[in-house]
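# Overview (structure and organization)
Listed below, chain by chain, are the residues.
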Amino acid sequence: MKQNMRSTLQSVGVFRHYCGYPHFVLAVAIAAENPNRLQNIRKEIYLPVARLCHAELANVEKNIRTVRDVIMRNDGAALLAEMTGCSCWKKRTPYPKEIIGIFAEHFADELKRENLLSSGPS
């Protein structure tokens, strides 16, 4: 998932040097494992990301918004339309919860395959 997500993010101008890059990737991975976590994003996604990245919760939120803004500035509406089949993204900017959810759903199957491969036979 990480390689495909990396190339997808790079296609819309989000590179690894952004502070929010690891925050966004981890948030997507957490949401892909359990999409219900998006219902309480602050507690169930942002807080674990902050702990894993040794960052302040407010910075995680801000950095993910920055990633979202960079995506949208760099033709992210077209990417999101391709990922969701919905052209509404040309008219409005998604909330961070929405963009995390879109990426999580898009990469969920790949994440599941990686988890199965990394866990090995039982």
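Summary of the structure given here.

## Considerations on the pattern of salt bridges
Under the defined criterion, the tally for this structure stands at four salt bridges. Here Arg68 makes a salt bridge to Asp69, at a shortest N to O gap of 2.7 Å. Exposure remark for Arg68: the relative accessible area of 12% places this residue in the buried category. Given the relative accessible area of 32%, Asp69 is considered partly exposed. The partner of Arg92 in a salt bridge is Glu98, and the shortest N-O contact between them spans 2.8 Å. Using a relative accessible area of 34% as the deciding quantity, one classes Arg92 as partly exposed. Relative accessible area serves as the criterion here: at 24%, Glu98 is assigned to the partly exposed category.

## Comments concerning the side chain of Thr8
Inspection of the secondary structure puts Thr8 in helix α1 (residues 2–11). Each residue touching Thr8, except ones within four places of it in the same chain, is listed here: Leu79, Phe103 and Phe107.

## What about unusual backbone geometry?
In this structure, His54 is a non-glycine residue whose phi angle is positive, near 55°. Within the fold, His54 resides in the loop between α3 (41–53) and α4 (57–73). Judged by its relative accessible area of 75%, His54 is exposed. A positive phi angle, near 65°, is found at Asp75, a position not held by glycine.

Conventions we followed
- Residues numbered from 1 in each chain as written.
- Predicted model: local features only at pLDDT ≥ 70, side-chain atom pairs only at ≥ 80, totals over all residues.
- Heavy atoms only, no water.
- Salt bridge = Lys/Arg side-chain N within 4 Å of Asp/Glu carboxyl O.
- Buried < 20%, exposed > 50% of the residue type's maximum accessible area, 1.4 Å probe, protein only.
- Helix = DSSP H or I, 4+ residues; strand = E, 2+ residues; numbered from the N terminus.
- Contact = heavy atoms within 4.5 Å.

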